[in-house]
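# Structural overview for review
Residue strings, one per chain:
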Amino acid sequence: MGKYFGTDGFRGEANVTLTADHAYKIGRFLGRYFGKDGKKCRAVVGKDPRRSSYMFEYSIVAGLTASGADVYMLHVITTPGVSYVTRVDEFDLGIMISASHNPYNDNGIKLINARGEKMEDEVIDLLEAYLDGDAGDLGENGELPFAKDKAIGKIVDYMAGRNRYVGYLISLASHSYRTVNVGLDCANGSSWMIAKNVFEALGAKTFVINADPSGTNINVNAGSTHIDVLRNVVVENELDIGFAYDGDADRCIAVDEKGNVITGDHILYILGKSFADAGKLAGDTVVTTVMSNLGLYKAFDKLGISYEKTAVGDKYVYECMLEMGYRLGGEQSGHIIMSKYATTGDGILTSIMLMETLLESKVPASKLSEGFTVYPQVLKNIRVNDLSAAVNDDAVKAKIKDVEEKLGSNGRVLVRKSGTEPLIRVMVEADDEDKCNLFVDEIIETVVSRGYAL
């Protein structure tokens, strides 16, 4: 994780830790970097509907065009939508303005390479150096040259790109959804128009909530991080299934007809089993992160499905999939990557694949994850003043070791730094929820007692 960019881009409070000036400079650098040696840079830009996204959008576009790049604007679209358009329409890079599941006063800038993947670290390193005043070989005295005359970039309204992405999603379905009543929680975010259009084009009867973005209500008691809202809607309206997305719709959490939550781990189990039964699970392996539930691995063992464990972050999941040739991976939080169809997590794509499995199985959604028993797992966050010092403190490490010894083989402990916020995430998994809460609290109390809490 760099000074500005974490595992999911440059994220912070709008005009406090992430400013319009940062956005302009990012545009200036990227336009110059991808336009060096006389090449005309082509960039595509999308955003979620939070209020500050418009400010950052125009700041980035100003920087890009000032450095000579031509910019194609998708306006409000999902992060995977930007990734798809970047890759398919052969842009040099894509930029998504979103803070994902964070509150509206935060925002973020995600950078995507020409393959639709997260931008390479070497580019990020050079960009961070420029933000600190070092333009390197691209300029002189820390400054970048401006494009002049006909070399100044142009702006293109590129709604055709968004329409192409919607058409692609629709094309992935092989069933009619006319018999299914579907709930959609769009988190007042990027999916607010796209999800409904996709499902209704496929014939589903939709019940849509949180699809009225005001710029300040994104993720507010809505979406994948507030799943109880959708649970109530599904049960009260007797729907067959429901899908909840986060602010930029790269995550999906589902709800079955009984109101049970279908987490990212459940989705990996359902799709892993479905792909394996169809002979389409490459290497008979699913890529997970260290946050996945112990019950998922026990369920995979029974099915004869292998698994990999990576660090937390869809970036690391995708890197493992790419290196080893696997096609299915994801996180408990709902980032699900199916590399046959996309290079990033895509909440709406995940929904379609779950719908396909539901219709093929001809059983209620509540039956899809039978065979997977979830172990109690408690995760709590603590905001700290020094991430590295807190996780490396001797007293904190001693407490973690003590808890691990008490749990033995019947549970596990995971204490890690957030990749996007100044948080320590403390997770304990065991055969009893009270035990989980007790041990998580003991670890957090140790962090507090050592003076790291904010």
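For the structure itself, look to the data block above.
Residues numbered from 1 in each chain as written. Predicted model: local features only at pLDDT ≥ 70, side-chain atom pairs only at ≥ 80, totals over all residues. Heavy atoms only, no water.

In terms of burial, strand β8 (residues 181-185) is a largely internal element, four of the five residues being buried. Pairing between β8 and strand β9 (residues 205-209): five bridges, direction parallel. Within β9, the residue paired with N181 across the bridge is K205. After leaving β8, the chain enters helix α6 (residues 194-201) and then returns to the sheet as β9, a path that is right-handed. The sheet contact formed by β8 and strand β10 (residues 241-245) spans four bridges and is parallel. Each bridged residue has a counterpart across the sheet, and for L184 the counterpart in β10 is F243. (Buried < 20%, exposed > 50% of the residue type's maximum accessible area, 1.4 Å probe, protein only. Helix = DSSP H or I, 4+ residues; strand = E, 2+ residues; numbered from the N terminus. Pairing = 2+ DSSP bridges. Right-handed = clockwise from strand over helix to strand, strands pointing away.)

Here the focus is the packing of helix α8 (residues 264-277) against helix α9 (residues 294-303). Their axes nearest at 10 Å, the elements α8 and α9 cross at an angle of 10°. Relative to α9, the element α8 lies roughly parallel. Each of D265, L268, Y269 and K273 in α8 lies in contact with α9, whose residues at this interface are L296, A299, F300 and L303. Of the residues contributing to the contact of α8 with α9, the split by class is six nonpolar, no polar and two charged. (Axes fitted to C-alpha atoms, helices over the stretch in contact; angles between N-to-C directions. Parallel < 35°, antiparallel > 145°, perpendicular 65-115°, else oblique. Contact = heavy atoms within 4.5 Å. Nonpolar A, V, L, I, M, F, W, Y, C, P; charged D, E, K, R; others polar.)

Let's shift gears to helix α11 (residues 347-361). Along its 15 residues, α11 runs 21 Å from first to last C-alpha, staying within 8% of the 21 Å computed at 1.5 Å per residue. Sitting at the amino-terminal end of α11 is D346, which places a side-chain oxygen 3.1 Å from the backbone nitrogen of I348. (Expected span 1.5 Å × (residues − 1). Polar contact = N/O pair within 3.5 Å; in protein donor to acceptor, adjacent residues only side chain to side chain.)

Here we come to the sheet that holds strand β12 (residues 261-262). Taken together, the five strands give an open sheet; going across it, the order is β9-β8-β10-β11-β12, and neighbouring strands pair in mixed fashion. The open sheet is flanked by β9 and β12, the only strands paired with a single partner. Docked against the sheet, α11 engages β8, β10 and β11 (252-256), running at close to 165° with respect to β10.

Here we take up the environment of L184. Along the chain, the position of L184 falls in strand β8. Remark: the alpha-carbon pair of L184 and F243, spanning 59 residues in sequence, is separated by 5.1 Å. Beyond its immediate stretch of four places on either side in the chain, L184 contacts A195, K196, F199, T206, F207, V208, I209, L230, F243 and Y245.

Within the secondary structure layout, R251 lies in the loop between β10 and β11. Judged by its relative accessible area of 12%, R251 falls in the buried class. A polar atom in the side chain of R251 sits 3.2 Å from the side chain of H101.

Within the secondary structure, Y375 sits in the loop between α11 and β17 (377-383). Residue classification places Y375 among the partly exposed positions, given a relative accessible area of 22%. With 302 residues separating them along the chain, Y375 and M73 place their C-alpha atoms 45 Å apart. In this structure Y375 touches N293, L294, G295, K298, E429 and A430, once residues within four positions along its chain are discounted.

Here we take up the sheet that holds strand β6 (residues 106-112). As summarised here, the arrangement of the seven strands in space is β1-β2-β6-β5-β3-β4-β7, forming an open sheet in which the pairing is mixed. A strand with exactly one partner marks an edge of an open sheet, and here the two such strands are β1 (5-6) and β7 (155-157). As paired strands, strand β4 (residues 70-76) and β7 are joined by three bridges and run parallel to one another. Considered in β7, the bridge of Y72 is made with V156. Packing against the sheet, helix α2 (residues 51-66) makes contact with β3 (42-47), β4, β5 (93-97), β6 and β7, and its axis sits at approximately 170° to β4.

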